[in-house]
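# A closer look at the structure
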Amino acid sequence: MEKKKDQIIKLTDIRKSYMLNNKEKLEVIKRINLEVSKKEIIVIMGPSGSGKSTLLNIVGLLDNFDSGSYILGGVNVSNLTNKEKQKVRLNKIGFIFQTFNLIPTLTVQENVEIPLALQKVSQLKQKKSSNQKLKIVGLEDKLDKYPHQISIGEQQRVAIARALVNDPPLVLADEPTGELDYENMENIMELILTLHNIQNTTFLIVSHDLNLKEYGDRVLYLKKGVISET
Amino acid sequence: MKLLYYVFKNIKNRRTRSILCFLGIALSIVTFSVITISVNQYNNVLSNGFKPFKDYTQIIEKGSNYLQFVPVSSSFENINSEIENDFNISGIPILYVSNEQNELLMSFITLMGISQNLMSYFDILKEIGLYNGEWPQDSNEIVVGKHLNISTGEIIEIREQVFNVSGILNDAGNFFDRIVLIDLQILQTLFNREGKVSLILYKTNEIINITDFENSIELSYNHLDCVTLQEIEIIEQEITGFSSTLAFLFSSLSLITAESFFMTIIILNVNDRTKEFSILRAIGMSNLNVFKLIISETLILSFIGLIIGIPISYISLSLIIIFAGISTGFTVPSFEIIPNIFNEVSKQLTPDFILMIIIIILLLAFLNTIIPTYLTLKKSVVDNLKIL
């Protein structure tokens, strides 16, 4: 197994297709090769339907691919069982979703504590880590609020804190600013940069918003399932 | 945060769903226990109704309805002396008169005519025994059932004739609790039924050949019916068997209805939270933990349902016993002895029965959770996350 010292993601010849209702095959990802180094911020741009989310789901081990190989943190994760994938997701990957996906019945702090609770971290440590992350995202005074009691921008901050609370080496963000206005978009992206600088986390961001280009170390374009640097 | 805390928070924050769920469970417990226990109780009452006569072969008028336990409508010429001569056995002629005309200004009382001399020797009455007072010394004295709340020494007037209450019967748990025992001849005269009886009892073990006896009676007296012990048992089994089947059907139906209600709530709950479970799965929660989360929630709701349902069953059964007692006259705990009602219910709502309910409810909760959870976990996380 090949392992480059500073490489976190290596996708080789990844293909993914879906069967349509008329039994036609729609190839969404066509032979994608991608290498991402540790601590990089990669922004993948592309129009709707270009396969961005599918690619992100494959990288996040939420979706399977038809062929190719995927090495994550030096480990070949192409043929893992669902249980093994779940463990990798829990320990190695943080997720930021476009619609935040917070649990409505839990408070801000409890939402952030979920990954730590799943890792069976002590309650004291859960509190400490969640307080720390919520302080970084500027929500230290909203710990006991419920998601519906805070603004949309604040909800995305909570989601970011949750994605980073257990210090995963890789964070995947699917249209993280898709629901936000320009001002909130800027704030969120600045926050991602700050966290990246503090934690040295690798970020893989997919978006159709051209404003995000300036935040990436590398910007890639996905068009009709094919990735390119221009 | 612990996962169990998350479960409790969900129960608390999804209040309407939680209340509906445990009320549904409580309702199913109440209907199931009330129907099952009521019918058991009804069967006990039926058995008690037949019990006093189990050592006897009876002669009754053809067409007498045994559903009424005592053939109050039956009335035929007393042929006791003829049978005594023919078969060399002694019988006990009895006349039952209903209190339909409110002779005693009380409902559900049966007047039972039996020779005053026989009262203290008749083993059915001897077995019940006197709660207080003594057996009648002359035909102007009567004995009454305990639940009529009449005291010894009281004077009672029936059809303008005055009787002195000499004794009160012990609790019998059947129609003897609401009976007035009067000398046979006096009762016949009072109700213009001279020489008439409702039944004649013959000790079965004193009859040498029961088949001969039965055939002979039915051939010689074509308006009479000889009911043997076996026939009484068949009648009893038919009635209790029918009511048990009916009870089984009703309690099953109530359980199925409640179960459908319960399952619908669980399915709606799980479906409604498909996205939530998918978020947790995406973050790294295992399918087993998602299942544990849902099952813990359902079991806690079921447990709350049990805590509410069992006392409500207790109260419902108490009310049924009170009203059934008042309306049928068979089991008649009076209002002034409320603790007795609870004792009565406790006898029915036994720890075994409660344990059975707990097992059924928890088993249903478990089964109800498996199917919707399986269907939810089968769906792809990616697809579920797209749900708005």
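I will try to describe carefully the structure that is included in this document. (Residues numbered from 1 in each chain as written. Chains lettered and ligands numbered in written order. Predicted model: local features only at pLDDT ≥ 70, side-chain atom pairs only at ≥ 80, totals over all residues. Heavy atoms only, no water.)

## Some words on the sheet that holds strand β3 (residues 41–45) of chain A
Residue and element names in this part refer to chain A. Where we set the bar: Following DSSP output, two strands are said to pair if at least two bridges run between them. Numbering of helices and strands starts at the N terminus; helices are DSSP runs of H or I of at least 4 residues and strands are runs of E of at least 2. Each axis is a line fitted through C-alpha atoms, taken for helices only over the stretch in contact, and angles between the N-to-C directions span 0 to 180 degrees.
Pairing within the open sheet is mixed, and its six strands lie in the order β6-β7-β8-β3-β9-β10. This sheet does not close on itself; its edge strands, each paired only once, are β6 (93–96) and β10 (226–228). In this sheet, adjacent strand axes meet at a mean angle of 20° when their direction is disregarded. Of the pairings in the sheet, the one linking strand β9 (residues 218–223) to β10 comprises three bridges and is antiparallel in character. Following the sheet pairing, K223 is matched in β10 by V226.

## So, the packing of aromatic side chains
Residues and elements named next belong to chain B. As a reminder of what qualifies: Each aromatic pair joins two rings of Phe, Tyr and Trp (for Trp, the six-membered one) with centres within 6.5 Å, and gets the label stacked for planes under 30 degrees apart, edge-to-face for over 60, and tilted for any other angle. Here's how the labels work: a residue is buried when its accessible area is under 20% of the maximum for its type, exposed when over 50%, partly exposed in between, all with a 1.4 Å probe on protein chains only.
All chains considered together, the criterion is met by six aromatic pairs over all chains. Pairing Y202 with F213 gives two aromatic rings, centres 5.5 Å apart and planes at 70°, and the pair type is edge-to-face. One end of the pair, Y202, is in strand β11 (residues 199–203); the other, F213, is in helix α6 (residues 210–220), and eleven residues separate them in sequence. The residues Y202 and F213 share a single accessibility class, namely buried. The interplanar angle of 85° and the centroid separation of 6.1 Å between the aromatic rings of F291 and F366 together place this pair among those described as edge-to-face. Placement of the pair is F291 in helix α9 (residues 287–328) and F366 in helix α11 (residues 351–378), with a sequence separation of 75 residues.

## Comments concerning the interface of chain B and chain A
To keep things clear, this is the line we draw: Contacts: residue pairs with any heavy atoms within 4.5 Å of one another. In this description, buried area is defined as the sum, over both parts, of the accessible area (probe of 1.4 Å) that is lost when the two are combined. Within this document, salt bridges are pairs made up of a side-chain nitrogen of Lys or Arg and a carboxyl oxygen of Asp or Glu, the two lying within 4 Å of each other. For this analysis, a polar contact is any N or O atom pair within 3.5 Å, provided that within protein one partner can donate a hydrogen and the other can accept it, and provided that sequence-adjacent residues contribute only side-chain to side-chain pairs.
Taken residue by residue, the interface counts 22 residues in chain B and 26 residues in chain A. Summed over both sides, the interface of chain B with chain A buries roughly 2100 Å², with 63% coming from carbon and sulfur. The interface formed by chain B and chain A holds one salt bridge in total. Ionic pairing is found between K9 of chain B and E110 of chain A, a salt bridge with its closest N-O pair at 2.8 Å. Across the contact surface, chain B and chain A share nine residue pairs in polar contact (both at pLDDT 80 or more).

So, to be careful, I would describe these as geometric facts and stop short of saying anything about function.
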